[in-house]
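Examining the three-dimensional arrangement
Here is how the chains run, residue by residue.
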Amino acid sequence: MGENAPGPGSLLAMADPRQDVPPSASPPHKRRAPRSALLYVFLAVFAVIAGFVIFAVRVRELRALRATGPAWFFPSRVYSADVTLSPEAPLSQGQLEAQLRARGYRPAAPPLRMPGTFAIGSGATDVFLRGFLDAHDPAGYGGPERVRVRFANDQVAAVDRLGGVLGATKPDLAHPPRLEPFTVALLFDKNRVRRSWVSIERVPRVVQAAVVASEDRRFYQHFGFDPRANVRALARDVKAGGVREGASTITQQLARSLFLGNQRTLTRKLAEIPLAVGLEILLSKRQILEMYLNSVYWGQAGTVGIGGVAEASRWYFDLPVDSLGL
């Protein structure tokens, strides 16, 4: 062989197909995701879960009135005395009627169907008591109930309890029935907004239906936001360069009042959507509507704002909300 001819070892190497595979090529088995990518996914999932837990705790505190939000705060209240309805109480039928009217009770034909009504008969008065749920009063805390007050010799002779309301908070049966205290003064903070909490059981269905019809007709069908209405409004807002059209659902409006404030910006409008979905996950439609009715702004009374349906009813109609009709 010549000096440059390949030797037997070189010929074998040239013939070996394994030599065509670069030493750095990956093996044919499936590649595994880098550990750093898995860590990022885990951290992202953990952050979402932790954020939702914090959000849920916050919503629970707001609903329990232990926390405040941009449009979710309540002034301190001063109440009148109550009127206990028990046998031998020095209360004539005329005096009872005066106490009922002072609290905004309305006469109605029996059988009574709505809290805040009464019917005067011969020697007896039927009353649909509202109950008292504004604060945990040691003298009584419970929902509405029907009673019949019988009179003799200008005093209460007997009180018949006729039962509570189906689906409402149960009445307080541990204490005698009574005419509930009413608010005589509000002690404002710097926000200067009249607002009182009222359970949705006390809001007549016609009022609930009117609010839903005017603000969010598909409230019971959507899951926090209405895609078609929001996309249409967002397109018009972007074209106009600012917020020009609302289209926020009741749930979005509640999210705004609890967490975002009333500044009209596109960023705030986009932030409403995930917050609204979170509220729909945590709360029932009934609970959402209840919080909305107690948070929504209803106008201005001089230098004082009117917040919530209870104070709006008092201001505009001089009636408690459960006495409103069509």
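See the structure above.
Report on the accompanying structure.

Quick look at the packing of aromatic side chains
Think of a pair of aromatic rings as described by two things: how far the centres are apart, and how the planes are tilted against each other in angle. Applying the stated criterion across every chain, the model contains six aromatic pairs. Centroid distance W72 to W197: 6.1 Å. Interplanar angle 85°. Geometry classified as edge-to-face. Here W72 is found in the loop between α2 (35-63) and β1 (76-79), whereas its partner W197 is found in the loop between β10 (193-194) and α4 (205-215), with 125 residues between them in sequence. Ring centres of Y79 and F132 lie 5.4 Å apart, and the angle between their planes is 80°; this geometry places the pair in the edge-to-face category.

Observations concerning the sheet that holds strand β4 (residues 117-120)
Judged by pairing direction, the sheet is mixed, and its five strands sit side by side in the order β3-β4-β5-β6-β7 without closing on themselves. The open sheet has two edge strands with one neighbour each: β3 (106-107) and β7 (155-164). Looking at chain direction, β4 and strand β5 (residues 124-129) are connected through four bridges and run antiparallel. Each bridged residue has a counterpart across the sheet, and for F118 the counterpart in β5 is V127.

A few points about the sheet that holds strand β11 (residues 297-301)
Strand order in the open sheet formed by three strands is β10-β12-β11, and the pairing between neighbours is mixed. Among the strands making up the open sheet, the edge pair consists of β10 and β11. Across the sheet, helix α9 (residues 309-317) lies against β10, β11 and β12 (304-307), angled at about 40° from β11, the strand it touches most.

Digging into the environment of R150
Mapped onto the secondary structure, R150 falls in strand β6 (residues 145-152). R150 gets classed as partly exposed once you look at its relative accessible area, which sits at 35%. R150 sits 57 residues away from Q93 along the chain, and the two C-alpha atoms are 8.4 Å apart. Excluding residues that lie within four positions of it along the chain, R150 makes contacts with G123, A124, Q155, V156, A157, A158 and D160.

What counts, and where the lines are drawn
- Residues numbered from 1 in each chain as written.
- Predicted model: local features only at pLDDT ≥ 70, side-chain atom pairs only at ≥ 80, totals over all residues.
- Heavy atoms only, no water.
- Phe/Tyr/Trp six-rings, centres within 6.5 Å; stacked < 30°, edge-to-face > 60°.
- Helix = DSSP H or I, 4+ residues; strand = E, 2+ residues; numbered from the N terminus.
- Pairing = 2+ DSSP bridges.
- Contact = heavy atoms within 4.5 Å.
- Axes fitted to C-alpha atoms, helices over the stretch in contact; angles between N-to-C directions.
- Buried < 20%, exposed > 50% of the residue type's maximum accessible area, 1.4 Å probe, protein only.

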